[in-house]
Amino acid sequence: MHPFQSTPFPAQRPADDGPDGQGFAVVDVETTGLGRSDRVISAGVYQLDADGEVTDHWYTLVNPERDPGPVWIHGLTSEALEGAPTFPEVADQLAERLRGRVMVAHNALFDWNMISREFSRAGLRAPVEQRLCTMVLARDLGLPLPNGKLSSLAAYFGVHQRQAHNALDDARVLAEIFRPSLHLARDGGIPLPLTTCVAVTDLGEEPSAAPARGGSWSSSYRPSRKRPACPFPNPGRWRDGNPLMQGMRVAITGDTATDRELLEDRAIEAGLHIAGSVSRLTSLLVTNEPGSWSGKARKAREYGTPVVGEDAFLQLLREVAPHPGA
């Protein structure tokens with residue numbers, strides 16, 4: 001075993017089957033940044049049985065063979081990562097802990113994108129068929145949270161965070177949060193918001209690609225298409241817990257797993273207006289990087305515009321309410 005990897009503890013009980021014969025793998029990764037070309041520098045996984053009980057855990061540092069990025073956030077310096085295994089060297093061990101399980105993460109799309117790209121770079125496919133975002137689950141449960149942060153969810157369930165932005169501790173916190181969330185969903189007859197995982201093949205390494213401000217790579221750097229005007233007037237801002245409504249002005253910023261044009265086409269087909277910028281009239285901003293310094297994200301914070309991640313937006317697109325005047 002590599003010295004930078006933790007020893008799994010013995011299983012507390014035999015792993016049961018979860019949804020569709022699968023258990024759960026609660027995952028957190030720390031990375032060099034938020035974009036397509038960024039790399040995983042640590043990974044933590046807690047394996048859970050069908051009842052949300054922990055059966056195993058695993059953690060490793062990963063040498064990205066490049067600058068570690070925002071050390072002030074994750075605390076992992078180049079010196080700390082020197083001598084750690086590269087991702088291809090831990091890919092099989094990570095795959096073994098993910099295989100046959102639903103991947104659970106907070107803002108799961110981000111973790112899936114990062115993990116999937118690392119497997120793709122190694123010439124492999126991450127063995128995950130479905131993921132579950134705890135941000136979406138919290139919304140579906142109607143939890144009275146002030147925001148979508150992991151710290152808010154932890155405070156609600158009384159889970160103590162020992163070391164924020166440490167992949168193993170964040171995975172532990174999330175595992176402790178997920179267990180009661182899972183029971184609340186089952187007791188309330190609320191279906192788990194499972195999303196099919198599609199392998200990411202765009203690695204952000206094309207020579208023609210241009211880095212966005214802050215080193216992040218964005219799929220928004222492309223020629224815009226001329227689209228027909230939305231036939232519905234803007235009904236106002238989206239409110240958490242309510243469906244989207246035809247005519248709402250939706251802006252999208254940052255990296256998305258779904259092809260940007262496809263995502264916009266789906267929104268337009270549902271009767272939404274895709275806005276090229278954020279203003280006081282914007283109903284909703286969709287981003288997987290709410291804390292980024294993109295112009296749209298900064299304007300959203302300035303105006304108090306509601307913000308959701310891509311996974312949550314895809315869930316909302318399933319049931320868009322008709323415009324009152326339609």
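Structure first, text after, so check above.
Parameters at a glance
Residues numbered from 1 in each chain as written. Predicted model: local features only at pLDDT ≥ 70, side-chain atom pairs only at ≥ 80, totals over all residues. Heavy atoms only, no water. Pairing = 2+ DSSP bridges. Helix = DSSP H or I, 4+ residues; strand = E, 2+ residues; numbered from the N terminus. Axes fitted to C-alpha atoms, helices over the stretch in contact; angles between N-to-C directions. Parallel < 35°, antiparallel > 145°, perpendicular 65-115°, else oblique. Left-handed = near helix turned anticlockwise from the far one by under 90°. Contact = heavy atoms within 4.5 Å. Buried < 20%, exposed > 50% of the residue type's maximum accessible area, 1.4 Å probe, protein only. Right-handed = clockwise from strand over helix to strand, strands pointing away.

Chemist: Residue-level account of the sheet that holds strand β2 (residues 40-48), with values.
Modeler: Taken together, the six strands give an open sheet; going across it, the order is β3-β2-β1-β4-β5-β6, and neighbouring strands pair in mixed fashion. Each edge of the open sheet carries a strand with a single partner, namely β3 (54-61) and β6 (194-196). For this sheet, the mean inter-axis angle between neighbouring strands, taken without regard to orientation, is 25°.

Chemist: Can you tell me about the packing of helix α6 (residues 150-157) against helix α7 (residues 167-187), naming the residues and giving the values?
Modeler: In the contact formed by α6 and α7, the axes pass within 10 Å of each other and the chain directions differ by 55°. The angle between the axes of α6 and α7 places the two elements in the oblique class. Considering the relative orientation of α6 and α7, their crossing is left-handed. Mapping the contact onto sequence places L150, L153, A154 and F157 in α6 and D170, V173, L174, I177, P180, S181 and L184 in α7.

Chemist: So what about helix α5 (residues 134-141)? Which residues, and what values?
Modeler: Taken residue by residue, α5 has T134, V136, L137, A138 and L141 as its buried positions. Elements in contact with the buried residues of α5: β4 (101-105), β5 (130-133), α6, α7 and α10 (310-317). At the exit of α5 stands G142, carrying a positive phi of roughly 70°.

Chemist: Residue-level account of the pairing of β4, with values.
Modeler: Across a regular strand the side chains alternate sides, sitting on one face of the sheet and then on the other. Most of β4 sits out of view: five of its five residues are buried. Examined bridge by bridge, strand β1 (residues 23-31) and β4 share four bridges and lie parallel to one another. The partner of A25 across the bridge, within β4, is M103. Judged from the three bridges that link them, β4 and β5 form a sheet pairing that is parallel. Counterpart to M103 in the pairing with β5 is R131. A crossover links β4 with its parallel partner β5, the connecting element being helix α4 (residues 108-121), and its sense is right-handed.

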